[in-house]
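If you want the building blocks of each chain, they are given just below.
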Amino acid sequence: MLDDEDKPVNGAKIDVLGEIEELDSFRYRQLGTSSADGTFALSGFLSGTVRVRACAEGRACAEKSVELSDDAGIEPVVLKLIPG
């Protein structure tokens, strides 16, 4: 999580939502919080698209869809939390 000046945002609330279409669009989620250096790590997601959403006090929320697969590594997800 970065602010509008590319500085880490500590304590941003992270919400990752996944969906499994093969199981009647079953939805699952994980919650987390960014660390002092703005990073977060969650694991255990299945292949498919997940939605990553981050919010922090005094900042607008940011959201990004990420495609996960068993064969490919996961690129870091960078979200900018601008004042708002």
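Refer to the structure presented above.
Residues numbered from 1 in each chain as written. Predicted model: local features only at pLDDT ≥ 70, side-chain atom pairs only at ≥ 80, totals over all residues. Heavy atoms only, no water.

Student: I'd like a rundown of the overall build of the protein chain, residues and numbers included.
Tutor: Secondary structure assignment for the protein chain yields 0 helices and 4 strands. The N-to-C order of helical and strand elements in the protein chain reads β-β-β-β. Dimensions along the principal axes, computed over C-alpha positions, put the protein chain at roughly 40 × 25 × 15 Å. In the protein chain, which comprises 84 residues, the proportion classed as buried is 29%. Contacts spanning at least 24 positions in sequence make up 42% of the contacts within the protein chain whose residues lie at least 6 apart. Summed over its atoms, the accessible surface of the protein chain is roughly 5600 Å², and 50% of this surface lies on carbon and sulfur atoms. Within the protein chain, one finds 9 positive and 16 negative side-chain charges whose respective centroids are separated by 8 Å. (Helix = DSSP H or I, 4+ residues; strand = E, 2+ residues; numbered from the N terminus. Buried < 20%, exposed > 50% of the residue type's maximum accessible area, 1.4 Å probe, protein only. Contact = heavy atoms within 4.5 Å. Areas by Shrake-Rupley, 256 points an atom, 1.4 Å probe, with all protein chains shown as cover. Lys, Arg positive; Asp, Glu negative; His and termini not counted. Charge placed at Lys NZ, Arg CZ, Asp CG, Glu CD.)

Student: Can you lay out the pattern of salt bridges for me, pointing to particular residues and giving the numbers?
Tutor: Under the defined criterion, the tally for this structure stands at 6 salt bridges. Between Glu5 and Lys7 there is a salt bridge whose closest N-O contact spans 3.6 Å. By relative accessible area, which is 46% here, Lys7 ends up partly exposed. The network of salt bridges with shared partners includes Arg51, Arg53 and Glu63. (Salt bridge = Lys/Arg side-chain N within 4 Å of Asp/Glu carboxyl O.)

Student: I'd like a description of the state of the cysteines, backed by residues and values.
Tutor: In this structure the tally under the stated criterion is 1 disulfide. Between Cys55 and Cys61 runs a disulfide, and the two sulfur atoms are separated by 2.0 Å. With the S-S bond torsion at 120°, the cross-link from Cys55 to Cys61 turns out right-handed. For Cys55, a relative accessible area of 22% translates into the label partly exposed. (Disulfide = S-S within 2.5 Å.)

Student: Provide a residue-level description of the environment of Asp37, including the pertinent values.
Tutor: With respect to the helices and strands, the residue Asp37 is situated in the loop between β2 (26-33) and β3 (48-55). For Asp37, a relative accessible area of 48% corresponds to the partly exposed category. Counting along the chain gives 35 residues from Asp37 to Leu2, while the straight-line C-alpha distance between them is 9.1 Å. A distance of 2.5 Å separates the side chain of Asp37 from the side chain of Ser35, its partner in a polar contact. Polar side-chain contacts of Asp37 include one of 2.6 Å to the side chain of Thr39. (Polar contact = N/O pair within 3.5 Å; in protein donor to acceptor, adjacent residues only side chain to side chain.)

Everything listed here is a matter of coordinates, which is why it stays silent on function.
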